[in-house]
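The chain contents come next:
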Amino acid sequence: MPAELNWDVIVIGAGVSGCMAAVAAARNGAKTLLVDREGSLGGTMTNSLVGPMMTFHSFTDQVIRGQAQEVVDRLMAMKASPGHIIDSTGYVATVTPFDHEALKLVLQRMVLESGARVLLHTLVEDVSMVGGTINSISIINKNGRSALTAKLFIDCSGDADIASRAGAPCELGRPGDGLVQPATLMFKLTDVDLPVLKAYLADHPELARLGEAGSDIYRHQDLIAVCAFDDLLHDWITEHPLNLHREHVLVFSTDHPDDVIVNMTRVQNMHPLDGWDLTRAELEAREQAYSIFEFLKMHIPGFAQARMINSSNRIGIRESRRIVGEYVLTEQDILDNRRFEDAIARSAYPIDIHAPDASDGHLNIFLAKDAFYEIPYRCLLPQKVDNLLVAGRSISVTYEASASTRVSPTCMAFGQAAGTAAAMCLQEKVLPGELDAKKLRTKLVEQKAYL
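Residues numbered from 1 in each chain as written. Predicted model: local features only at pLDDT ≥ 70, side-chain atom pairs only at ≥ 80, totals over all residues. Heavy atoms only, no water.

Q: Just give me the short version of the overall build of the chain, but keep the residues and values in it.
A: In terms of regular secondary structure, the chain is built from 12 helices and 20 strands. Since a compact globule built from 451 residues should have a radius of gyration of about 22 Å, the 21 Å found for the chain is in line with a globular shape. In terms of overall dimensions, the chain has C-alpha extents of about 65 × 45 × 45 Å along its principal axes. Here the chain, with 451 residues, has 60% of them falling under the buried criterion. Within the chain, contacts between residues separated by at least 24 positions form 72% of all contacts whose residues are at least 6 apart in sequence. Of the roughly 17600 Å² of accessible surface on the chain, a fraction of 50% belongs to carbon and sulfur atoms. (Helix = DSSP H or I, 4+ residues; strand = E, 2+ residues; numbered from the N terminus. Rg over C-alpha atoms; globule rule 2.2 N^0.38 Å. Buried < 20%, exposed > 50% of the residue type's maximum accessible area, 1.4 Å probe, protein only. Contact = heavy atoms within 4.5 Å. Areas by Shrake-Rupley, 256 points an atom, 1.4 Å probe, with all protein chains shown as cover.)

Q: Which residues make up helix H3 (residues 100-114), and what values go with them?
A: With 15 residues, H3 ought to run about 21 Å at 1.5 Å a step, and its terminal C-alpha atoms sit 21 Å apart, in line with that. Buried within H3 are the following residues: His 100, Ala 102, Leu 103, Lys 104, Val 106, Leu 107, Met 110, Val 111 and Ser 114. On its buried side, H3 packs onto helix H1 (16-27), strand S2 (32-35), helix H2 (66-77), strand S5 (117-119), strand S10 (187-190) and strand S13 (260-262). At the N-terminal end of H3, a side-chain oxygen is found 3.0 Å from the backbone nitrogen of Glu 101, two or three residues along, and the residue is Asp 99. Just downstream of H3 lies Gly 115, where phi reads positive at about 100°. (Expected span 1.5 Å × (residues − 1). Polar contact = N/O pair within 3.5 Å; in protein donor to acceptor, adjacent residues only side chain to side chain.)

Q: Quick one: what's the story with the sheet that holds S10, residue by residue and with numbers?
A: One open sheet holds the five strands; their spatial order is S11-S12-S13-S10-S14, and the pairing between them is antiparallel. In this open sheet, the two strands that pair with only one neighbour each are strand S11 (225-228) and strand S14 (307-311). Strand-to-strand, the axes of this sheet are offset by a mean angle of 25°, without reference to chain direction. (Pairing = 2+ DSSP bridges. Axes fitted to C-alpha atoms, helices over the stretch in contact; angles between N-to-C directions.)

Q: Tell me about the packing of H1 against helix H11 (residues 408-428), and name the residues and values.
A: Relative orientation and spacing of two packed helices are given, respectively, by the angle between their axes and the distance between those axes. Axis separation between H1 and H11 bottoms out at 7 Å; the angle between their running directions is 30°. Comparing the axis directions of H1 and H11 gives the class roughly parallel. Relative to H11, the crossing made by H1 is right-handed. Here Val 16, Ser 17, Met 20, Ala 21, Ala 24 and Ala 25 of H1 lie close against H11, whose contacting residues are Ser 408, Cys 411, Met 412, Gly 415, Gln 416, Gly 419, Thr 420 and Ala 423. The residue inventory of the contact of H1 with H11, partitioned by class, reads eight nonpolar, six polar and no charged. (Parallel < 35°, antiparallel > 145°, perpendicular 65-115°, else oblique. Left-handed = near helix turned anticlockwise from the far one by under 90°. Nonpolar A, V, L, I, M, F, W, Y, C, P; charged D, E, K, R; others polar.)

Q: Let's hear about the pattern of salt bridges: which residues, and what values?
A: Using the criterion set out here, one finds 30 salt bridges in the structure. Between Lys 31 and Glu 4 there is a salt bridge, and its shortest N-O distance comes to 2.9 Å. Taken together, the residues span a long stretch of sequence, with Lys 31 in the loop between H1 and S2 and Glu 4 in the segment before strand S1 (6-12) at a distance of 27 residues. Looking at Glu 4, the relative accessible area reads 33%, which means it is partly exposed. Of the charged contacts in the structure, one is a salt bridge between Arg 307 and Asp 191, with a shortest N-O distance of 2.9 Å. One end of the pair, Arg 307, is in strand S14; the other, Asp 191, is in the loop between S10 and helix H5 (194-203), with 116 residues separating them in the sequence. Among the ionic contacts, a cluster of salt bridges with common partners joins Arg 27, Glu 70, Arg 74 and Glu 113. (Salt bridge = Lys/Arg side-chain N within 4 Å of Asp/Glu carboxyl O.)

Q: Let's hear about empty space enclosed by the protein: which residues, and what values?
A: Under the criterion given, the structure shown has three cavities of 30 Å³ or more. Here the largest cavity defines a volume of roughly 90 Å³. Lining the largest cavity are 13 residues, and of these Ile 344, Ala 345, Ala 413, Ala 449 and Tyr 450 sit closest to its centre. In terms of residue count, the dominant contributor to the lining of the largest cavity is strand S16 (residues 343-347) (three residues). Of the residues assigned to the lining of the largest cavity, the class counts are nine nonpolar, two polar and two charged. (1 Å grid on protein atoms, 1.4 Å probe; cavity = no way out; pocket = protein on both sides within 12 Å on 5 of 7 lines; lining within 4 Å. Points joined across faces, edges and corners; volume = space filled by probe spheres on them.)

Q: Describe in detail the packing of aromatic side chains, supporting the description with residues and values.
A: Describing an aromatic ring pair means giving the distance of the ring centres and the angle of the ring planes. Scanning all chains against the criterion turns up six aromatic pairs. Here the aromatic rings of Tyr 91 and Tyr 349 are separated by 6.0 Å at their centres, their planes lie at 65°, and the arrangement is edge-to-face. Remark: Tyr 349 occurs in the loop between S16 and strand S17 (351-353) and Tyr 91 occurs in the loop between strand S3 (85-86) and strand S4 (94-95); sequence separation between them is 258 residues. The residues Tyr 91 and Tyr 349 share a single accessibility class, namely buried. Taken together, the aromatic side chains of Tyr 91, Tyr 349 and Phe 366 make up a single cluster linked through ring pairs. Here the basic side chain of Arg 346 rests over the ring of Tyr 450, its NZ or CZ set 5.1 Å away from the ring centre. Just above the ring of Phe 59 sits the side chain of Lys 369; from NZ or CZ to the centre is 3.9 Å. (Phe/Tyr/Trp six-rings, centres within 6.5 Å; stacked < 30°, edge-to-face > 60°. Lys NZ or Arg CZ within 6 Å of the ring centre and 35° of its normal.)

Q: Go over unusual backbone geometry, please, and point to the residues and values.
A: A cis geometry characterises the amide bond from Gly 51 onward to Pro 52, with omega recorded as 0°. Along the chain, the position of Pro 52 falls in the loop between S2 and H2. Backbone torsion omega between Met 54 and Thr 55 reads 0°, so that peptide bond is classified as cis. Of note, Thr 55 is situated in the loop between S2 and H2. A positive phi angle, close to 55°, is found at His 121, a residue other than glycine. With respect to the secondary-structure elements, His 121 resides in the loop between S5 and strand S6 (123-130). Its relative accessible area of 56% is what places His 121 among the exposed residues. In the Ramachandran plot, Phe 229 falls in the positive-phi region, its phi being about 60° despite a non-glycine side chain. Exposure remark for Phe 229: the relative accessible area of 3% places this residue in the buried category.

Q: Could you give an account of the packing of H1 against H3, naming the residues involved and the relevant values?
A: Viewed as axis vectors pointing N to C, H1 and H3 meet at an angle of 25°, and their least axial separation amounts to 8 Å. The orientation of H1 relative to H3 falls into the category roughly parallel. In this structure, H1 crosses over H3, and the sense of that crossing is left-handed. Along the contact surface, H1 presents Val 16, Cys 19, Met 20, Ala 22, Val 23, Ala 26 and Arg 27, while H3 presents Leu 107, Met 110, Val 111 and Ser 114. In terms of residue class, the contact of H1 with H3 is made up of nine nonpolar, one polar and one charged.

So yeah, pure geometry; function would need other evidence.
What follows is the structure, given as structure tokens:
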């Protein structure tokens, strides 16, 4: 395939935010390239086995639609997702189970159908600047090193790699010590007897965290989320020499009735931008995963015959660099259900801070049942770099706010907004910071985004 070096828009990072950015930019007429280091699309949602998607809803309404909902609709058409179902733990209103392999294909089809091109197995090494403008990015792959140029760039790397290398101000971790939320290696089990697990929890509701539906949900909903067995897990951790700080057994149904995703490993005090520390985290988490698997088989009803069939290719990172943009969304904005004239997305996910250090506890701050908040376009605009937008978990938010904005449906909404904005900037011959946010909002509404 001949190399194409010059583009209108280059999106770096093919997680769900990057895929949505590429689709939106291409659908709106921009010659678009999507670049990623992995061999498939979806980022942590596929390569790190993160699931389910949570959440598209407040407890009274759907707050995220647009291209994110299109992804779910396509998964449902493939019988690879039941769609949005009630969260049996009550943590959020709904969760959206899905098949990870199907999501790879759905994203691939959406990106290619939009007219965007994809370049995989490619690492972005550096950026070349002319004043406050990115002129090109330096990439390396099996072809060696080369440079790609574009008029506009969208950083969906998850680590704000492009923004940081271009000189945009960034922050990392919580104020004071710079620690970030722990990393988690997800794994998938099959041959789980879900009816046995559900029946046990229906008869022992005191062992589980439950939503308003109570334990009856285990009797009438096929697929479930489970947050339970705190005392059993505590006793097992105490008895085993494993550096694991987890409070609950936390497992989620996939779209298959005998498979579950296990979200229980936790590596604290790790640095997401250090290759040696990432390696340590991978190795430590894999030991944790197998020990947790043994615990589930020995102690949890329904898991006696379970088999581990997959673990994530890359440990899941909850938190990394965040840009300091034209506006920094705060915890108070979230708790006040803040509205913005330049809002480009909504969310109802709680502030969910996994303990960065063993001395800390898990912090949850919930919104009111009917509440949601908005995220302004300015959070996608880094300072000091004129032709760059940022989407995904690296947008401009505080440490506390990032614990709410980092989840996949919201990140997909950011991606759609960033890609649409990039295409509009090219059409109107303006920079991202000069784009009329009211026009962007109008365009997003036309694209079925929920604003």
